[in-house]
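# Topology and contacts: notes
What follows is the residue order along each chain.
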Amino acid sequence: MKFSKATLFATAAIFAAPFMASTAIADGHGDDLTYILVSHAPDSDSWWNTVKNGIALAGEQMDVNVEYRNPPTGDLADMARIIEQAAASQPDGIITTLADYDVLSGPIRAAVDSGVDVIIMNSGSPAQAREVGALMYVGQPEYDAGFAAGLRASGDGVGSFLCVNHYISSPSSTERCQGFADGLGIELGNQMIDSGQDPSEVKNRVMAYLSANPETDAILTLGPTSADPTLLALDENGMAGAIYFGTFDLGENIVAGIKAGTIEWGIDQQPFLQAYLPVVVMANYHRLGVLPGNNINSGPGFVTADGLELVEKFAGEYR
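Below or above, wherever it landed, is the structure these notes cover. Bear in mind the structure is a predicted one, so any value in this text is a computation, not a measurement.

Attention now goes to the pattern of salt bridges. For side chains of opposite charge, pairing can occur when their charged atoms come near one another. All told, the structure shown has eight salt bridges when counted by the stated rule. Residue R81 pairs with D78 through a salt bridge whose shortest N-O separation is 3.9 Å. Separated by three residues within a single helix, R81 and D78 lie in helix α2 (residues 76-88), roughly one turn from each other. Here R81 falls in the partly exposed class, since its relative accessible area comes to 43%. Residue R205 pairs with E201 through a salt bridge whose shortest N-O separation is 3.3 Å. Of this pair, R205 and E201 both sit in helix α7 (residues 199-212), four residues apart, which is roughly one turn of the helix. Among the ionic contacts, a cluster of salt bridges with common partners joins E142, R176 and D249.

Spelled out as structure tokens, the structure:
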């Protein structure tokens, strides 16, 4: 599962606030580099398969060893312990999400202090990455993405909505809902529900909310975990295609919903790049002493029915 070490990588990226790039000494970093990616995702969340594919392909192309670790139930205290265990094994680098700064910043700082290079991906922010001593941040600013989605929905005439939050313990999830409300220029209030992650519960809670609030203009879901059961709920209550529906992230059923006209758009944060780019950056940093001077925004980008060909082909795999 390895390509030549001569493989080069180039990508066009949107840059955010800069870091002061430190000097790395390539000496001592040869062919046996090991990187561990730690995510906050539970085993049940299929969206992260794209992340796993990204780190695997980067490992092959850069000729480095890569591992993926996560808390099986999504418990953040468990994730903190996984980061501590990963750091104790002294890999060359850790790539990790920062789903909750209060819970995870301590273990991440400790990893950096022990001499392990860290890149924050997916959740958290460039400012938080800087505070914990990470090399950089690769991901989508969640509030900004939600705000952009709210502005888009406002332009389409939306004035009220339901945000189906399937991971309410993660501050970044709430930032998506809050950004959407602010983009619309309205209060979030009880328009955000804690749906949980069980598909049947998500479906039932969406149907119950819409039944109690029939004037709701739009639905915002935060990924396949909440979008897929919401699609089933709308099929059952007869609202599929009759209510404005936008979602974060992509997946097979989301792409089918966009194609069918049930979903207006999906916000693509490009999770493949969130895993792929940190491995490439770290390998070149350790071997050559080069490091981008800025963070990398992997999203947001809006996927609509007009541009589905490649997205549909690779949904759930690389998109």
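All right, on to helix α10 (residues 271-288) then. Along an α-helix, residues three or four positions apart point the same way, because every turn accommodates 3.6 residues. An ideal rise of 1.5 Å per residue puts 26 Å on 18 residues; α10 measures up with 26 Å between its terminal C-alpha atoms. Taken across its 18 residues, α10 has 15 buried, putting it largely inside the fold. A positive phi of about 75 degrees marks G289, the residue just after α10.

Time to look at the packing of α2 against helix α3 (residues 101-113). Packing of α2 against α3 brings their axes to within 9 Å, and their N-to-C directions diverge by 0 degrees. If you check the angle between α2 and α3, you find them roughly parallel. When α2 is examined against α3, the residues L76, A77, M79, A80, I83, E84 and A87 are found in contact with a partner set consisting of V103, L104, P107, I108 and A111.

This paragraph deals with empty space enclosed by the protein. Within this structure, the stated rule accounts for one cavity of 30 Å³ or more. By volume, the largest cavity amounts to about 230 Å³. Taken together, 22 residues make up the lining of the largest cavity; nearest its centre are H40, W48, H166, R176 and L222. Only α6 (171-184) and α8 (224-237) provide two or more residues apiece to the lining of the largest cavity. Of all the elements, α6 adds the most residues to the lining of the largest cavity, at three residues. For the lining of the largest cavity, the residue count by class is seven nonpolar, 11 polar and four charged. Here the lining of the largest cavity spans two domains, and each of domain 1 (34-140 + 271-298) and domain 2 (142-268) adds at least three residues to it.

Next up on the list: the pairing of strand β5 (residues 117-122). Side-chain direction in a regular strand flips from residue to residue, so the side chains alternate between the two faces of the sheet. By the criterion of burial, β5 is predominantly enclosed, with five of the six residues buried. In this structure, strand β4 (residues 93-96) lies alongside β5, joined through four bridges in parallel fashion. Among the inter-strand pairings, I94 is bridged to a residue of β5, identified as V118. Running through α3, the crossover from β4 to the neighbouring parallel element β5 is right-handed. Sheet topology note: the β5/strand β6 (residues 137-139) ladder contains three bridges and is parallel.

Tallied over the entire structure, the rule returns eight aromatic pairs. Ring centres 6.3 Å apart and planes at 70 degrees place the aromatic pair Y244 and W265 in the edge-to-face group. Of this pair, Y244 sits in strand β10 (residues 244-248) while W265 is found in strand β11 (residues 265-268), placing the two residues 21 residues apart along the sequence. Residue Y244 shares its accessibility class with W265, and that shared class is buried. Plain terms: the ring middles of F272 and Y276 are 5.2 Å apart, the flat faces sit at 25 degrees to each other, and that makes the pair stacked. Taken together, the residues span about one helical turn, with F272 and Y276 both in helix α10 at a distance of four residues. In terms of burial, F272 and Y276 fall into one category: buried. Cation over ring: R152 sits above F302, and NZ or CZ is 4.7 Å from the ring centre.

Parameters and conventions
Each residue is numbered by its place in its chain's sequence as written, counting from 1. Local features in this predicted model are restricted to residues of pLDDT 70 or higher, and side-chain atom pairs are both shown and tallied only at a pLDDT of 80 or more, whereas totals for entire chains, interfaces and linings draw on every residue. With hydrogens and water set aside, each side-chain value is computed from the structure's full complement of heavy atoms. Definition used for salt bridges: Asp or Glu carboxyl oxygen within 4 Å of a side-chain nitrogen of Lys or Arg. Labels follow the DSSP assignment, with helices taken as runs of H or I lasting at least four residues and strands as runs of E lasting at least two, numbered in each case from the N terminus. Residue burial is assigned from relative accessible area. The probe radius is 1.4 Å, only protein chains are included, and a residue is buried under 20% of its type maximum, exposed over 50%, and partly exposed in between. In this analysis, the expected span of each helix is defined as 1.5 Å times one less than the number of residues it contains. Note on geometry: axes are C-alpha line fits, over the in-contact stretch for helices, and angles between N-to-C directions span 0 to 180 degrees. Roughly parallel covers angles under 35 degrees, roughly antiparallel covers those over 145, roughly perpendicular covers 65 to 115, and oblique covers all other angles. Residue contacts follow a heavy-atom distance rule, with two residues in contact if any of their heavy atoms lie within 4.5 Å. Think of a 1 Å grid over the protein atoms and nothing else: a 1.4 Å probe that fits but is trapped marks a cavity, an open set flanked by protein within 12 Å on at least five of seven lines marks a pocket, and residues with an atom within 4 Å of a point count as lining. Grid points are joined across faces, edges and corners, and a volume is the space filled by probe spheres set on the points. Just so you know the grouping, Ala, Val, Leu, Ile, Met, Phe, Trp, Tyr, Cys and Pro go in nonpolar, Asp, Glu, Lys and Arg go in charged, and all remaining residues, Gly too, go in polar. Domain delimitation follows an automatic or database domain assignment. A strand pair is defined by DSSP finding two or more bridges across the two strands. Look down the strands so they point away from you; if going from the first strand over the helix to the second traces a clockwise path, that crossover is right-handed. When the centres of two rings from Phe, Tyr and Trp lie within 6.5 Å, Trp using its six-membered ring, the rings pair. Their planes under 30 degrees apart give stacked, over 60 give edge-to-face, and anything left gives tilted. The criterion is that NZ of a Lys, or CZ of an Arg, lies within 6 Å of the ring centre and within 35 degrees of the ring normal, and then a charge sits over that ring.

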